[in-house]
Amino acid sequence: MRDLYDRLTMAFPLGELTEQRPDLAFVTVPREQLRSLLLHLRDQEGFTHLVLLTAVDWLEEGHFQLTYLMNNRRACRDLGVRVMLARDPASMESIHDLWPTAATYQRELREMFGIDFPGSPRVDEDFILEGWIRTPPYRRDFDTLKFSDEVFAPRPGRASSDPAEFMKQQLYPDKT
Amino acid sequence: MSLSDVLSPFSAWKNLFRDPVTIPDPLNDRPGAPRYRGFHQNDVDKCIGCGTCEAICQNAAIDMVAVAEIATKQGDSGLRPRIDYGRCCWCALCVDVCMTSSLSMSNEYKWVDHDPDAFCFIPGVDLKHWDSAELGYRRPEGHRLTGTERVPMGELEPEARADSFVEIVAGYDIEQAKLEADRCVSCGLCVATCPTHMAVPEYIATIRDGDYEQGVRLLYQTNPFSNVCGRVCTHRCETSCAARHEGDAIAIRWLKRHIIDQVPHDRIKQIAAEGRVSEPSRHQVAIIGAGPAGLTAAFDLAKAGHGVTVFEALPAPGGMMRYGIPEYRLPYDKLDEDVDVIRSMGVEIRCNTQVGKDVSIDQLREQHDTVLLAIGLHQGRSTRIPGSEHQDVVSAVELLRRITFGERFDVPTTVAVIGGGNVAMDIARSLARMQRQQHGQVGVTLVALEAEDLMLADREEIDEAREEGVVILPSRGPRRCLIERDAVAGLETVHCVSVFDDQGRFAPNYDDSDIQIHDAGLIVEAIGQAADHALLGESLTEALEWERNRIRIDADGRTSESWLWAAGDAVQGPDVITAVAAGHRIAASMMEAFAGTSAQTH
């Protein structure tokens, strides 16, 4: 992978190379260079297949990380290209014209993370969460407990005891 | 058209004789993957009801509920998790965090019921057919959300400490303490085990938050001896710690010490005084003995506005904390700080004042509304073996007292210590230090009746004593002190086969064929202590109810005399923290007795 990285850095301002396995590595690229890098990888370096497109919510740092996982079938190796986006408002250029399958991933990311991909086919249509109007659920500030409380009625009769309090009642109830 | 084109369709027919790849009965015959996160299993005997699963659950799917057949006991709340499958999202964080690995998930995932309440169940208690499933999600090896190893404590190396009384333990710095505090899951199982029920999870949380003043505030709610207990507490809380099941218990004692070490003494005084009743004292209380029991009661009573006078026979307050515990474990200035806070509450401590000699107990009774007897155990017991009446056969408590007095006495080059408890270790290690100072080498032999693994002293005391050069011989009973030309020359011991009989009574069994003689110019007996009740006088001794050789007290610490309470080692051992707990109880009981009565006018 180091050979590939050395070639790429001549043309692209890449971050450090993270080699996870001999056949899997990651690089970070500024969003402005993503499209040209993907094209270069596809047309010059044999990374013809988009394996997946996914996101990570770095809530504390205030950004999303997109990972475009590219596969070179002949060389049997994968390169993950990472892009950091501002978290709010989160928007990214679409690549559906490079790989039509990207539209599906982008529609999923729109729904689960609230990241917009203007121009991507059907990007605003419901993907699997029909009629979802809340914070996108894969955002880390989505409060699962609040959601559960609002959506699922608590079962009657549920009650819990604090272990330390319960032990006091059982073992030394009189003492202050 | 070739021949193969004609025959190839028939080659598919060979599959007729193979097993089908489809599942014949897909509704019933389709097990989950080996590590599938299916329905929960809980080994309820392993579970300690710490509630960490409930705390981590993102959807509040878990309740901790009482279970009829499981009793609450030390280290086990008796509660067990009940899971609401209307809420569970199968994330398995409850399994990952479980402190005992009792909770897991089977690979079973099909459950149909018409009653929605059936899906709220207590795994392991409400029996299910997947309870014994072998497959399913278990926490992977090495995958732990809480740290398993205690942050090591800095200690002086044996070479650096063996000839000095400088404190051995360094105490955690802020970074170390935060790391250690981070391991605590705040379950609170330890609180019941602490005799005075300190707010352990809450004060540990103040370390994480860096709010040490709040930490001190919490410590003082239950314990005015945090400098002392942060160093020498028997820390039984740590035996109930949830972390000890799959790792080291949280260093609760060291964290307590860390809090008190961080806040300046004057600020501690201000915090301890918060909530102090400022009206002039109403009732007058006399307390005999300035040890942990007496001074804790004094602190509570004075803080509540009562007049408290403590009568102490020895030159300085602290009792066994000063005159028993060696300085290398508890520096005197740290004890002084705790006592100073108590004094600042308005407690008067009269040292060098022996009740029964300088003032009579009848006088105390006349001049005060109530009296607390907290005299401790300051008389050493003797083995009464032949030769033990010689003047160079002495008790450990007496010798420890003389060391605290600062007496410079000559320690012979060889010493024998009889006893295997912490007091024996204290005197052996103290004399070893003095020998090293005076002679440049150690010659202390300690003989204990118990076998190595049954010795009463803390393991670290035994190990550290050995590191400092003390020779410890377990399973040896003392037979006689050898006296040559009026001087102690040695101790004769015999192999002890067993200490207790079948009924658990103390009845040592010796092997007379195995006798050893240990050179000793001084023999120290450390086999237990007794209280000196002479101060009571004859009529009070007669009037009081006794339980063997202890004064009988009720749960509040009241004796059979309505004006007299008793607490501490003399009535109820064995340690500082138990005495502190008793002190609080006595103060509460006295104030209850004061309620509705007018104070005596003095």
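In every chain, residue numbers begin from 1 and rise along the written sequence. Chain letters and ligand numbers both follow the written order, the letters beginning at A and the numbers at 1. Reporting in this predicted model follows two pLDDT cut-offs: at least 70 for local features of residues, and 80 or more for side-chain atom pairs to be given and counted; totals over whole chains, interfaces and linings ignore these cut-offs and use all residues. Hydrogens and water are ignored here; the side-chain numbers use all heavy atoms of the structure.

A.B. asks: Give a description of the overall build of chain B that names residues and reports values.
C.D. replies: We count a stretch as a helix when DSSP gives it H or I for four or more residues in a row; a strand needs E for two or more, and each element gets its number in order from the N terminus. Regarding its fold elements, chain B presents 20 helices and 23 strands. Its C-alpha radius of gyration of 32 Å places chain B more than 25% over the 25 Å reference for a compact globule of 602 residues. Here the C-alpha coordinates of chain B stretch approximately 125 × 70 × 45 Å along the principal axes. Out of the 602 residues belonging to chain B, those deemed buried represent 53%. When charges are counted, neither His nor the chain ends are considered; positive counts come from Lys and Arg and negative counts from Asp and Glu. One atom stands in for each charge, and that atom is NZ of Lys, CZ of Arg, CG of Asp or CD of Glu. Across chain B, the centroid of the 59 positively charged side chains sits 2 Å from that of the 91 negatively charged ones. For the radius of gyration, the atom set is restricted to C-alpha positions; the globular benchmark scales as 2.2 Å times the number of residues to the power 0.38. Each residue gets one of three labels from its accessible area relative to the maximum for its type: buried under 20%, exposed over 50%, partly exposed in between, using a 1.4 Å probe on protein chains only.

A.B. asks: Tell me what's going on with the overall build of chain A, and back it up with residues and numbers.
C.D. replies: Within chain A, the secondary structure is distributed over 5 helices and 5 strands. Taken from N to C terminus, the helices and strands of chain A fall in the order α-β-β-α-β-β-β-α-α-α. Scaling as 2.2 N^0.38, a compact globule of 176 residues should have a C-alpha radius of gyration of about 16 Å, whereas chain A reaches 23 Å, well beyond that. Dimensions of chain A along its principal axes, counting C-alpha atoms only, are 80 × 35 × 30 Å. Counting all 176 residues of chain A, 40% fall into the buried class. Intrachain contacts of chain A at a sequence separation of at least 6 include 51% that bridge at least 24 residues. Whether two residues are in contact is decided by their heavy atoms, any of which lying within 4.5 Å being enough.

A.B. asks: Residues and numbers for the nonpolar core, please.
C.D. replies: The nonpolar side chains of soluble globular proteins are, as a tendency, buried together. Here, nonpolar core means buried Ala, Val, Leu, Ile, Met, Phe, Trp, Tyr and Cys residues that are tied together by side-chain atoms lying within 4.5 Å of each other. Membership of the largest hydrophobic core comes to 85 residues, with the highest contact counts inside it found for B:Tyr203, B:Phe225, B:Val310 and B:Leu372. Per-element tally for this core: the top contributor is helix α20 (residues 576-594) of chain B, with 9 residues. Those residues in contact with B:Phe225 that sit more than four places away from it in its chain are B:Pro292, B:Leu295, B:Thr296, B:Met321, B:Leu335, B:Asp338, B:Val339, B:Ile342 and B:Val580. A:Leu37, A:Met70, A:Ile95 and A:Trp99 belong to the second-largest nonpolar core, a separate cluster that totals 39 residues.

A.B. asks: So what's going on with the packing of helix α11 (residues 265-272) of chain B against helix α14 (residues 332-343) of chain B? Which residues, and what values?
C.D. replies: Residue and element names in this part refer to chain B. The axes used here are C-alpha line fits, helices contributing only the stretch in contact, and every angle between their N-to-C directions lies in the interval 0 to 180 degrees. One way to put it is that α11 packs onto α14 with a least axis distance of 9 Å and a crossing angle of 40°. If you check the angle between α11 and α14, you find them oblique. In terms of crossing hand, the pair formed by α11 and α14 is right-handed. On α14, the residues that touch His265, Ile268, Lys269 and Ala272 of α11 are Glu337, Asp340 and Val341. Its residues assigned to classes, the contact of α11 with α14 comprises 3 nonpolar, 1 polar and 3 charged. Orientation labels follow simple angle bins: below 35 degrees gives roughly parallel, above 145 gives roughly antiparallel, 65 to 115 gives roughly perpendicular, and whatever is left gives oblique. Crossings are assigned a handedness: left-handed for a near helix turned anticlockwise from the far helix by less than a right angle, right-handed for a clockwise turn. Amino acid classes used here: Ala, Val, Leu, Ile, Met, Phe, Trp, Tyr, Cys and Pro are nonpolar; Asp, Glu, Lys and Arg are charged; the rest, including Gly, are polar.

A.B. asks: Mind laying out helix α1 (residues 2-11) of chain A, listing which residues take part and the relevant values?
C.D. replies: Residues and elements named next belong to chain A. Those residues of α1 that fall on the buried side of the exposure criterion are Leu4, Tyr5 and Leu8. Take α1 and look down its axis: the buried residues cluster within an arc of 95°, on one side only. The secondary structure elements touched by the buried residues of α1 are β2 (24-28), α2 (31-44) and β5 (77-86). Arc definition: directions from the helix axis to the C-beta atoms.

A.B. asks: Tell me what's going on with a nonpolar patch on the surface, and back it up with residues and numbers.
C.D. replies: All names here are of chain B. Judged by side-chain polarity, Leu3, Val6, Leu7, Phe10, Trp13, Leu16 and Phe17 come together as a nonpolar surface patch covering roughly 870 Å² of accessible area. Positionally, Phe17 belongs in the loop between α1 (3-11) and β1 (40-42). On the accessibility criterion, Phe17 (76% relative accessible area) is exposed. Residues form patches when they are more than 30% accessible in relative terms and have no salt bridge. Like charges link within 9 Å. Nonpolar side chains (Val, Leu, Ile, Met, Phe, Trp, Tyr) link within 5 Å. Note on areas: these come from Shrake-Rupley sampling with a 1.4 Å probe, and a residue is covered only by the protein chains present in the view. What makes a salt bridge here is a side-chain nitrogen of Lys or Arg within 4 Å of a carboxyl oxygen of Asp or Glu, nothing more.

A.B. asks: How would you summarise the sheet that holds strand β1 (residues 18-21) of chain A if you had to cite specific residues and measurements?
C.D. replies: Residue and element names in this part refer to chain A. An order of β1-β2-β5-β4-β3 is seen for the 5 strands of this open sheet, with the pairing classed as mixed. The sheet is open, and its two edges are formed by β1 and β3 (49-58), each paired on a single side. Averaged over all pairs of adjacent strands, the angle between strand axes in this sheet comes to 20°, irrespective of strand direction. At least two bridges found by DSSP between two strands is the condition for calling them paired. Two strands pair when backbone bridges link them, and β3 and strand β4 (residues 63-72) are joined in this way by 9 bridges, in the antiparallel orientation. Bridge pairing links Leu52 to Leu69 in β4. Contacts between α1 and the sheet are confined to β1, β2 and β5, with β5 contributing the most and set at about 45° to the helix.

A.B. asks: Before we move on, could you go through the side chain of B:Thr559 and cite the residues and values that matter?
C.D. replies: Residues and elements named next belong to chain B. Relative to the assigned elements, Thr559 resides in the loop between β22 (550-551) and β23 (564-566). The term polar contact refers here to a pair of N or O atoms within 3.5 Å; inside protein, the definition further demands a hydrogen-donor-capable atom paired with an acceptor-capable atom, and it admits residues adjacent in sequence only when both atoms are side-chain atoms. A polar contact is formed between the side chain of Thr559 and the backbone nitrogen of Glu561, at a distance of 3.1 Å. Within the structure, Thr559 has its side chain in polar contact with the backbone oxygen of Leu564 (distance 2.7 Å). With residues near it in sequence (within four places) discarded, Thr559 still touches Leu544, Ile551, Arg552, Ile553, Leu564, Trp565 and Ala566.

A.B. asks: Residues and numbers for the domain arrangement of chain B, please.
C.D. replies: Residues and elements named next belong to chain B. On domain assignment, one finds that chain B holds domain 1 (40-137), domain 2 (158-272), domain 3 (284-377 + 541-594) and domain 4 (383-527). Segmentation into domains, and thus their bounds, comes from an automatic or database assignment. On a C-alpha basis, the centres of domain 1 and domain 2 stand 32 Å from each other. Taken together, the contact pairs 11 residues of domain 1 with 10 residues of domain 2. Note on terms: buried area is the combined drop in 1.4 Å-probe accessible area of two parts once they are placed together, counting the loss on both. Across the domain 1 to domain 2 interface the summed buried area is about 850 Å²; carbon plus sulfur atoms make up 61%. Linking domain 1 with domain 2 are 3 residue pairs in polar contact (both at pLDDT 80 or more). Looking at the side of domain 1 that touches domain 2, its residues break down into 4 nonpolar, 7 polar and no charged.

A.B. asks: Describe the side chain of B:Ser106, naming the residues involved and giving the relevant values.
C.D. replies: Residue and element names in this part refer to chain B. Summarising the element assignment, Ser106 is placed in strand β4 (residues 103-106). Residue classification places Ser106 among the buried positions, given a relative accessible area of 0%. Among the polar contacts listed, one links the side chain of Ser106 to the backbone nitrogen of Glu108, at a separation of 3.2 Å. For Ser106, the contacting residues outside a window of four places in its chain are Tyr36, Arg37, Gly38, Phe39, Gln41, Trp130, Ala133, Leu135, Gly136 and Arg138.

A.B. asks: Mind laying out the packing of helix α5 (residues 174-182) of chain B against helix α10 (residues 252-262) of chain B, listing which residues take part and the relevant values?
C.D. replies: Residue and element names in this part refer to chain B. Relative orientation of the contacting elements α5 and α10 amounts to 140°, with a least axis distance of 10 Å. When the interaxial angle is binned, α5 and α10 end up oblique. For α5 against α10, the interelement crossing comes out left-handed. Residues Ile174, Ala177, Glu180 and Ala181 of α5 form the contact with α10, whose own contacting residues are Leu255, His258 and Gln262. Tallied by class, residues from the contact of α5 with α10 come to 4 nonpolar, 2 polar and 1 charged.

A.B. asks: If you had to explain the interface of chain B and chain A to someone new, which residues and values would you point to?
C.D. replies: Of the residues lining the interface, 33 residues belong to chain B; the matching set on chain A comes to 21 residues. Where chain B abuts chain A, roughly 2100 Å² becomes buried across the two surfaces, and 54% of that area is made up of carbon and sulfur atoms. On the chain B side of the interface with chain A, the three residues burying the most area are B:Thr72, B:Arg87 and B:His197, jointly 25% of the side's total. The tally of links between chain B and chain A comes to 4 salt bridges.

A.B. asks: Now, about the sheet that holds strand β17 (residues 487-500) of chain B: what can you tell me, with residues and values included?
C.D. replies: Residues and elements named next belong to chain B. Reading across the sheet, the 3 strands line up as β16-β17-β18 and stay open at both edges, with antiparallel pairing between neighbours. Because the sheet does not close on itself, it has two edges, and the strands there are β16 (476-484) and β18 (506-519). The mean inter-strand angle of the sheet, taken between neighbouring strand axes irrespective of direction, is 25°. Pairing between β17 and β18: 9 bridges, direction antiparallel. From the neighbouring strand, Gly490 faces β18, where its bridge partner is Asp519.

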